[in-house]
Amino acid sequence: MNSEELHKRRGAAVARGVTSVIPSYVERAAGGSLHDVDGREWIDFGSGIAVTSVGNSAPRVVAAVREQVERFTHTCFMVAPYESYVAVCEQLAALTPGTFDKRAALFNSGAEAVENAVKIARHATGRQAVVVFDHAYHGRTNLTMALTAKSMPYKHRFGPFAPEVYRAPMSYPLRDGGLSGEQAAARAIDVIEKQVGAANVAAVLIEPIQGEGGFVVPAPGFLPALAAWARSAGAVFVADEIQTGFCRTGAWFACEHEGVEPDLVTTAKGMAGGLPLAGVVGRAELMDAVHPGGLGGTYGGNPIACAAALAAIETMRELDLNTAAQRIEAWFRPRLDAVAAAGAGIAEVRGRGAMLAVELVRPGTIEPDPARAAAVARACHDAGLLVLTCGTYGNVLRFLPPLVISEEQVTRGLDILAGSLLAQLPG
Ligand SMILES: *Cc1c(COP(=O)(O)O)cnc(C)c1O
């Protein structure tokens, strides 16, 4: 069946609230490309939203999954435990920043991990308020919708939302008048102290580099200042590393770039090579504050997903994917900078490692240009390059290639991208 026929079938079977970026249906995928049922190859600058960092169907992951599937598929860790769950928790403790004693728990999705981090922080502190930031994205469940900033499409008509969620201003160098990290943190802390009250804050929850919200990289010093404030206020500092974690930014976790040691870290996306797995890891005294039976879920830490995660982490080590992410940045940056310099209406090239973006604006302004972002993305899709858009204003093109992508594939992708940007100059 070809994509057109599948699309018709889909229209009669799949809810229209669930959309897809490209019109083609995937037949197989490996490394840095997807192949659709119509026989077309797509260069993948999306990784299924930062998930297939080790590449699609990475050999070690495939072997580990096969082996596990044949031994047992599910027992529920809360019923009959198994080694791989413990091993993934050990890896999370070893790889996240901070040498203090840690504990971890596993879940199915990023949103579920974030919900559990909030549960743990509230339980451990006996407080309720959760502070999040402008442009934040933390998921689509009821609590995480409240934590997410953008109304359309994530929250529109889905309320009422969970209470005791407070939003502080983010450090967004392009759009906050160039505040330093310390100044932006002082502005956020002022809002928190005046509108929430330091003594009420259970958790300060932040993406060290914002994902869905526009790949916003806070000014240096912002994260350390917030973390220090949280510590002094007795609040839990939670880094949502669901998109930034596991080598994506050229480090195991993006907090490392700023020397920040979060109290809790949420992970998902890249950690299990494409299988659904998420985790919360952090200070033992916080994690273990929760009573026995207070955390869990039927599928959390499923043995197949755990086997995949252990194999994915081994692949990250073996192929040194932190260095690979840095190399990808070195391939992208000069091309993106050159297109920006050629007057393509790019206000900023930003990001770290293999988490890069360009923000499109109307010429001579910082007025967002979402129409052009959508048009450029469509032109890329027509030419066989899968790119994603993001941002509160929908005007950011983001690039999240698998970390195993080849230089040749990146070059072909960048040729298409640069061509599409320069063919649709603003004004
Ligand atoms: C994707 C994402 C989530 C939600 O993860 P799901 O697995 O889609 O529930 C939460 N936080 C961040 C930063 C994300 O990028």
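Within each chain, residues carry numbers counting from 1 in the order of the written sequence. Local features are withheld for residues below a pLDDT of 70 in this predicted model, meaning they are given only at 70 or higher, and side-chain atom pairs are given and counted only at 80 or more; totals for whole chains, interfaces and linings count all residues. Hydrogens are left out, water is left out, and the side-chain values use all remaining heavy atoms of the structure.

Strand pairing follows a simple DSSP-based rule, namely that at least 2 bridges must link the two strands. Strands are runs of DSSP state E lasting at least 2 residues, helices are runs of H or I lasting at least 4, and numbering of each runs from the N terminus. Taken in spatial order, the seven strands of this open sheet run β4-β10-β9-β8-β7-β5-β6, and their pairing is mixed. On the outer flanks of this sheet lie β4 (102-107) and β6 (165-168), each paired with one strand and no other. For this sheet, the mean inter-axis angle between neighbouring strands, taken without regard to orientation, is 20 degrees. In this sheet, β6 lies alongside strand β5 (residues 129-133) in parallel orientation, the contact comprising four bridges. Paired with phenylalanine 133 across the strands is alanine 168, a residue of β6. Sheet strands in contact with helix α5 (residues 110-125) are β4, β5, β7 (201-206), β8 (236-240), β9 (264-267) and β10 (278-283), and its direction is about 25 degrees off that of β10. The contact criterion used throughout is that any non-hydrogen atoms of two residues lie within 4.5 Å. Angular values range over 0 to 180 degrees, each being the angle between N-to-C directions of two axes fitted as lines to C-alpha atoms, with helices fitted over their stretch in contact. Seen against the sheet, helix α7 (residues 181-195) touches β5, β6 and β7 and runs at an angle of roughly 145 degrees to β6.

We now examine the pattern of salt bridges. A side-chain nitrogen of Lys or Arg and a carboxyl oxygen of Asp or Glu constitute a salt bridge if their distance falls within 4 Å. Tallying each qualifying case throughout the model produces 19 salt bridges. Residues arginine 60 and glutamate 318 are paired through a salt bridge, measuring 2.7 Å at the closest nitrogen-oxygen approach. On the criterion of sequence distance, the pair formed by arginine 60 in helix α3 (residues 59-71) and glutamate 318 in helix α10 (residues 303-318) is long-range, its members being 258 residues apart. Judged by its relative accessible area of 31%, arginine 60 falls in the partly exposed class. Linking arginine 350 and glutamate 348 is a salt bridge whose minimum nitrogen-to-oxygen distance equals 2.7 Å. Through salt bridges with shared partners, a single network forms among Arg175, Glu348, Arg350 and Glu359. Working definition: with a 1.4 Å probe on protein chains only, accessible area under 20% of the residue-type maximum means buried, over 50% means exposed, and in between means partly exposed.

One open sheet holds the four strands; their spatial order is β11-β12-β15-β14, and the pairing between them is antiparallel. This sheet does not close on itself; its edge strands, each paired only once, are β11 (346-352) and β14 (388-390). Averaged over all pairs of adjacent strands, the angle between strand axes in this sheet comes to 25 degrees, irrespective of strand direction. Docked against the sheet, helix α12 (residues 370-382) engages β12 (355-360), β14 and β15 (396-399), running at close to 40 degrees with respect to β15.

Before going further, it helps to spend a moment on the pairing of β10. With six of six residues buried, β10 lies mostly within the body of the structure. With six bridges joining them, β4 and β10 adopt antiparallel strand pairing. From the neighbouring strand, alanine 105 faces β10, where its bridge partner is valine 280. Summarising the sheet, β9 and β10 pair through four bridges and their orientation is antiparallel. In the strand pairing of β10, threonine 266 is matched with valine 280.

Within soluble globular proteins, side chains that are nonpolar generally end up buried alongside one another. The criterion is simple. A nonpolar core is a set of buried Ala, Val, Leu, Ile, Met, Phe, Trp, Tyr and Cys residues joined through side-chain atoms within 4.5 Å. If you look at the biggest cluster of nonpolar residues, it comprises 89 residues, and the most contacted ones within it are Leu397, Phe399 and Leu417. Either an automatic procedure or a domain database provided the assignment from which the domain bounds are taken. Mapping this core onto the domain boundaries places at least three of its residues in each of domain 1 (3-54 + 320-423) and domain 2 (61-318). Leave out the neighbours within four places in its chain, and phenylalanine 399 touches Phe45, Phe215, Phe332, Leu336, Ala354, Met355, Leu356, Ala357, Val358, Val387 and Leu417. Among the nonpolar cores identified, the runner-up in size contains 29 residues, and Phe133, Tyr172, Ala230 and Ala239 belong to it.

Okay, the pairing of β5 next. Counting buried positions along β5 yields five of five residues, so the element is predominantly enclosed. On the question of chirality, the crossover connecting β5 to the parallel β6 by way of helix α6 (residues 142-147) is right-handed. Here is how to tell: hold the view so the strands point away, follow the path from the first strand over the helix to the second, and if it runs clockwise the crossover is right-handed.

Bringing α5 into the picture now. Given the number of residues in a helix, its expected span is that number minus one, multiplied by 1.5 Å. Across its 16 residues, α5 extends 23 Å between first and last C-alpha, which sits within 8% of the 22 Å expected from 1.5 Å per residue. For α5, every residue scored as buried is listed here: Gly110, Ala111, Ala113, Val114, Asn116, Ala117, Val118, Ile120 and Ala121. Where α5 ends, the next residue or the one after it, glycine 126, has phi of about 70 degrees, a positive value.

In this section: the domain arrangement of the chain. As far as domains go, the chain holds domain 1 (3-54 + 320-423) and domain 2 (61-318). On a C-alpha basis, the centroid separation for the pair domain 1 and domain 2 is 25 Å. In this complex, domain 1 contributes 38 residues to the contact, which on the side of domain 2 involves 34 residues. When two parts are brought into contact, each loses some accessible area as probed by a 1.4 Å sphere; the total of that loss over both is the buried area. For the pair domain 1 and domain 2, the summed buried surface comes to about 2,900 Å²; carbon and sulfur atoms form 57% of the total. For domain 1, the biggest contributors to the area lost against domain 2 are Asn322, Arg352 and Met355; these three give 24% of the whole. On the surface where domain 1 and domain 2 come into contact, there are two salt bridges. As a salt-bridge pair, glutamate 212 and arginine 398 come within 2.9 Å of each other at their nearest N and O atoms. What qualifies as a polar contact is a pair of N or O atoms within 3.5 Å, subject to a donor-acceptor requirement within protein and to the restriction that residues adjacent in sequence count only when both atoms come from side chains. For the interface between domain 1 and domain 2, the tally reads 21 residue pairs in polar contact (both at pLDDT 80 or more). Listed by contribution, the elements that provide at least two residues to the side of domain 1 that touches domain 2 are α2 (47-50), α11 (321-341), β11, β12 and β15. It is β11 that contributes the most residues to the side of domain 1 that touches domain 2, five residues altogether.

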